[in-house]
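# Residue-level structural notes
If you want the building blocks of each chain, they are given just below.
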Amino acid sequence: MNIRQIIRTIVKPLTWGGVGVGLLLLSSCGLYNKYERPDDVNTKGLIRDLVSDTDTLRVNTDENFGDLPWREVFTDPQLQSLIEKALENNTDLRNAALNVKMMETALTVSKLAFLPSVAIAPSGTISRVQMDGATTSKTYQLPIAASWNLDLFGNLLSVKRSAQAQLLATKDYQVVVKTNIICGIANLYYTLMMLDEQLAIVTDMEGLVKETWDMMKLQKDLGRARSTSVQSAEASYYSIQSQAVDLRRQIREMENSMSLLLNEAGHKIERGKFYNQSLPSKFATGVGIQLLSNRADVHAAEMALAQCFYDVETARSRFYPNITVSGNALFTNSLGSTIVNPGKWILSAVGSLTQPIFQHGQIVAGLKVAKAQMEQAQNTWQNTILKAGNEVSNALLLYNSSEEKSQLEAKQVAVLTQNVEDTKQLYSSKGSSYLEVIQAQTSLLNARISQVQDDFSKMQAVVNLYQALGGGSK
């Protein structure tokens, strides 16, 4: 009888006798189940209406702003070049890709667990007795051992499915990193241009305040102004210069942050003009679970739940027997005290069944822990869904409020610009005091700075909304 016949003899009663009972047990205990999305997840009212405190937003569900390729959202050529460089060089994204490779390897290992394990350990000896007429004795052995774990109760299957879910979650994390890099670069780019614009405003105001100071010094020389007026104008001039210094510092810090995302040492970032940017202004966001179609972090949280589901299945399978079939084949010329040439095959096969009875409560505890971890994963998934809805709501609210404020501030800037001119003329004709001139200039500066800040907030809201909808994942 050869090794194949021996193994078949052992496996046959196991697969037709014991397995029949095993399949009955499996159908009653719920092993071999596949993960299904829970029905009790809350996806209603994820996005609040922009005006009403009680309604939720209803928008067109045929489109989704998050579906747009990032090049169609961020059209500035210099920004596109920076994003491409970051996607190629960023360390976090490279590490995320390596994590995916590691998980793919782990999944391959879990699949190979279904195959028999085979080991070979050849050996040989040469012996000679130091006697007259003695001959040299040569013996050799070529043992081959194979062991196969029959996965009748789903242990290996659930481990493989858990690894598959973990791989999907790891790929989702890679997409999350990609989205964060795209939107992070865009936010830093627009921040730099906003700071450039504010610095230009401060520089212009610096010249205006210097003119006021010079005018007051001339008025003092003519005996028409007090020294306190000149001192106040001088102090205002230094205050403006101080703001310029602070803005230059912030610009350097933003450039350093951008360089870090590019995986480069800090350097100057080439960029366009703030008011030359063109970003989308009409958004279709979708509702309910459709909102989450591009959110890789939400899908990753669900895959973590699926992984925990299969971990529970694995924990349950440990209550059932472990069936192993082992086969050994030995090609040797040493048969006890006899040496034969050529060698002969010695074949054997063994089937074993191990049923856990008392494991110090470890199996029961393992199942309880796995169930608790699955409950935690479902809580995390639900919270991730609600968080996604909040992020979309906040981005839409920021865009609309910034747009409204920017329009009001544009009117305010126009009024204050005229007010500065009128106040300077009144001061020249002694119709107003120096304090009114300084206050008018300060109010104009603050209004222009605020307008740029709100215009930037509108840009930032577009980036945040794109990120909240999982933009850049496709």
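How each quantity is defined
Residues numbered from 1 in each chain as written. Predicted model: local features only at pLDDT ≥ 70, side-chain atom pairs only at ≥ 80, totals over all residues. Heavy atoms only, no water. Phe/Tyr/Trp six-rings, centres within 6.5 Å; stacked < 30°, edge-to-face > 60°. Helix = DSSP H or I, 4+ residues; strand = E, 2+ residues; numbered from the N terminus. Buried < 20%, exposed > 50% of the residue type's maximum accessible area, 1.4 Å probe, protein only. Pairing = 2+ DSSP bridges. Expected span 1.5 Å × (residues − 1). Polar contact = N/O pair within 3.5 Å; in protein donor to acceptor, adjacent residues only side chain to side chain. Salt bridge = Lys/Arg side-chain N within 4 Å of Asp/Glu carboxyl O. Contact = heavy atoms within 4.5 Å.

## Regarding the packing of aromatic side chains
Enumeration according to the criterion identifies 10 aromatic pairs in this entry. Note on Phe153 and Tyr320: the rings are 5.3 Å apart at their centroids and 10 degrees apart in plane angle, and the pair reads as stacked. Note that Phe153 is positioned in the loop between β3 (136-150) and α5 (155-221) and Tyr320 in the loop between α7 (296-317) and β4 (322-335), a separation of 167 residues in sequence. Residue classification places Phe153 among the buried positions, given a relative accessible area of 8%. When its relative accessible area of 19% is taken as the criterion, Tyr320 is described as buried.

## As for the pairing of β3
With 4 bridges connecting them, strand β1 (residues 117-120) and β3 associate as antiparallel partners. Across the sheet, Val118 pairs through a bridge with Ala146, a residue of β3. Two strands pair when backbone bridges link them, and β3 and β4 are joined in this way by 10 bridges, in the antiparallel orientation. Among the inter-strand pairings, Ala146 is bridged to a residue of β4, identified as Gly327.

## Examining helix α3 (residues 77-89)
Its 13 residues place the ends of α3 18 Å apart at the C-alpha level, agreeing with the 18 Å of an ideal helix rising 1.5 Å per residue. Taken as a whole, α3 has its buried residues at Leu79, Gln80, Leu82, Ile83, Ala86 and Asn89. At the N-terminal end of α3, a side-chain oxygen is found 2.8 Å from the backbone nitrogen of Gln78, two or three residues along, and the residue is Asp76.

## A word on the pattern of salt bridges
A full pass over the atoms with the stated rule returns 12 salt bridges. Note that Arg37 is salt-bridged to Glu302, the shortest N-O span being 2.9 Å. In this pair, Arg37 is assigned in the loop between α1 (3-29) and α2 (70-73) and Glu302 in helix α7, connecting sequence segments 265 residues apart. On the basis of relative accessibility, which here comes to 42%, the residue Arg37 falls in the partly exposed class. Assessed through its relative accessible area of 6%, Glu302 is described here as buried. One salt bridge in this structure joins Arg316 and Glu313, with 3.1 Å as the shortest N-O distance. Of this pair, Arg316 and Glu313 both sit in helix α7, 3 residues apart, roughly one helical turn. Judged by its relative accessible area of 26%, Arg316 is partly exposed. A relative accessible area of 3% means that Glu313 is categorised as buried.

## Section: the side chain of Thr139
Checked against the element boundaries, Thr139 lands in strand β3. The exposure class of Thr139 is buried, given its relative accessible area of 18%. Residues contacting Thr139, with those up to four places away along its chain left out, are Gly124, Thr125, Asn333, Ser334 and Ile339.

## Quick look at helix α4 (residues 91-112)
For α4, with 22 residues, the first-to-last C-alpha span of 32 Å sits near the 32 Å given by 1.5 Å per residue. You can read the cap of α4 off the contacts: a side-chain oxygen lies 3.0 Å from the backbone nitrogen of Asp92, and it is on Asn90.

Purely geometric numbers; function is a separate question.
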